[in-house]
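Listed below are the residues making up each chain.
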Amino acid sequence: GLNSWLGMGATTRSDVEQVAECGMEGDDGWTVFPGCTVVFPGDEVGAVVCNDLEECKRLCLVQGCGGFVLDQGFAVFQHRTRAELLGPALRKVELNSGTGSVPTLIVAPRTDE
C-alpha cells in the first residue's frame, strides 16, 4: 500500500513520476497512484475526513465508487468505474499542488460481479 511505497525509497523525481503514472497494486488489490489526482472533477460522490485508510476503502466500495483521491486528510470518492480510473485519460500527475500536500489516487480492486 501507500506506506510500503513511502518506505521503499523512491527518491528521485523520475522514480516518483513513474510510480504516479503506472501505479502500484497492493496485496489487497487496491492500486495506488501517489502524486495523482483526477483530471475532470465533478463526479465526486462526497468527501470524508480520512483517519483510517481501511475504513475509507470500505466506504468507497459501499458507495459503489471506483476509487478515491486522498488529499490533505480527506478522501474524495469518485463515481467512476475502476477501468476509467486506471486509464490514463482521467489521471493527472500533480506532485506540487501548492498546498504542500500531494494527492494520491486510490483505485478499488476488481470485483467478481
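As the structure is a prediction and not an experimental result, all values here were calculated from the model.

Calculation rules
- Residues numbered from 1 in each chain as written.
- Predicted model: local features only at pLDDT ≥ 70, side-chain atom pairs only at ≥ 80, totals over all residues.
- Heavy atoms only, no water.
- Core = buried A, V, L, I, M, F, W, Y, C linked by side-chain atoms within 4.5 Å.
- Buried < 20%, exposed > 50% of the residue type's maximum accessible area, 1.4 Å probe, protein only.
- Helix = DSSP H or I, 4+ residues; strand = E, 2+ residues; numbered from the N terminus.
- pLDDT = per-residue confidence, 0-100.
- Contact = heavy atoms within 4.5 Å.
- Phe/Tyr/Trp six-rings, centres within 6.5 Å; stacked < 30°, edge-to-face > 60°.
- Disulfide = S-S within 2.5 Å.
- Salt bridge = Lys/Arg side-chain N within 4 Å of Asp/Glu carboxyl O.
- Pairing = 2+ DSSP bridges.

Student: Let's hear about the nonpolar core: which residues, and what values?
Tutor: Trp 30, Cys 50, Cys 56, Cys 60, Cys 65, Phe 68, Leu 70, Ala 75, Phe 77, Ile 106 and Ala 108 together form the largest nonpolar core, which totals 11 residues. Listed by contribution, the elements that provide at least two residues to this core are helix H3 (53–62), strand S5 (67–71) and strand S6 (74–78). Residues Phe 33, Val 38, Leu 105 and Val 107 belong to the second largest nonpolar core, which totals eight residues.

Student: Outline the confidence of the model for the protein chain, supporting the account with residue identities and numerical values.
Tutor: Note: predicted coordinates in regions of low pLDDT should not be interpreted at a detailed level. Per-residue confidence for the protein chain gives a mean pLDDT of 80, with 73% of residues at or over 70. Highest mean pLDDT in the protein chain belongs to H3 (95); lowest belongs to helix H1 (residues 2–7) (45). A low-confidence stretch, residues 1–11 stays under pLDDT 50, and its non-local contacts, those more than four residues away or across chains, total 14 contacts.

Student: Kindly report on the packing of aromatic side chains, identifying the contributing residues and their values.
Tutor: Summed over the entire model, instances satisfying the criterion amount to two aromatic pairs. Residues Trp 30 and Phe 68 carry aromatic rings whose centres are separated by 6.1 Å and whose planes lie at 65° to one another, so their mutual orientation is edge-to-face. Taken together, the residues span a long stretch of sequence, with Trp 30 in the loop between strand S1 (24–25) and strand S2 (31–34) and Phe 68 in strand S5 at a distance of 38 residues. A single burial state applies to Trp 30 and to Phe 68, both of which are buried. Within the aromatic cluster, the residues linked to one another by ring pairs are Trp 30, Phe 68 and Phe 77.

Student: Tell me about the state of the cysteines, and name the residues and values.
Tutor: Here a disulfide denotes a covalent bond joining the sulfur atom of one cysteine to the sulfur atom of another. All chains considered together, the criterion is met by zero disulfides. There is no disulfide at Cys 60, and the cysteine sulfur nearest it, in Cys 65, is 5.2 Å away. With a relative accessible area of 0%, Cys 60 lands in the buried category.

Student: Give a detailed account of the environment of Val 45, specifying residues and quantitative values.
Tutor: Relative to the helices and strands, Val 45 is located in strand S4 (residues 44–49). Taking the C-alpha atoms as reference, Val 45 lies 9.5 Å from Cys 60; in sequence the two are 15 residues apart. Beyond its immediate sequence surroundings of up to four residues, Val 45 is in contact with Gln 63, Cys 65, Phe 77 and His 79.

Student: So what's going on with the pattern of salt bridges? Residues and values would help.
Tutor: One pass over the full model with this rule turns up four salt bridges. In this structure, Lys 57 engages Glu 54 in a salt bridge whose closest nitrogen and oxygen atoms are separated by 3.5 Å. Linking Lys 57 with Glu 54, this pair stays in helix H3, spanning three residues, or about one helical turn. The residue Arg 58 makes a salt bridge to Glu 55 at a minimum N-O spacing of 2.8 Å. One end of the pair is Arg 58 and the other is Glu 55, both in helix H3 and three residues apart, which spans about a single turn. On the basis of relative accessible area, Arg 58 is assigned to the partly exposed category, the value being 43%. Look at the salt bridges and you will find they share partners, linking Asp 28, Glu 54 and Lys 57 into a network.

Student: For the pairing of S6, give the residues involved together with the corresponding values.
Tutor: Pairing of S4 with S6, which is carried by five bridges, proceeds in the antiparallel orientation. Bridging across to S6, Ala 47 finds its partner in Val 76. Sheet analysis places S5 next to S6, joined by five bridges and oriented antiparallel. Considered in S6, the bridge of Gly 67 is made with Gln 78. Taken together, S5 and the strand that follows it, S6, pair antiparallel across an intervening segment of two residues, in which Gln 72 is found at a positive phi of about 50°.

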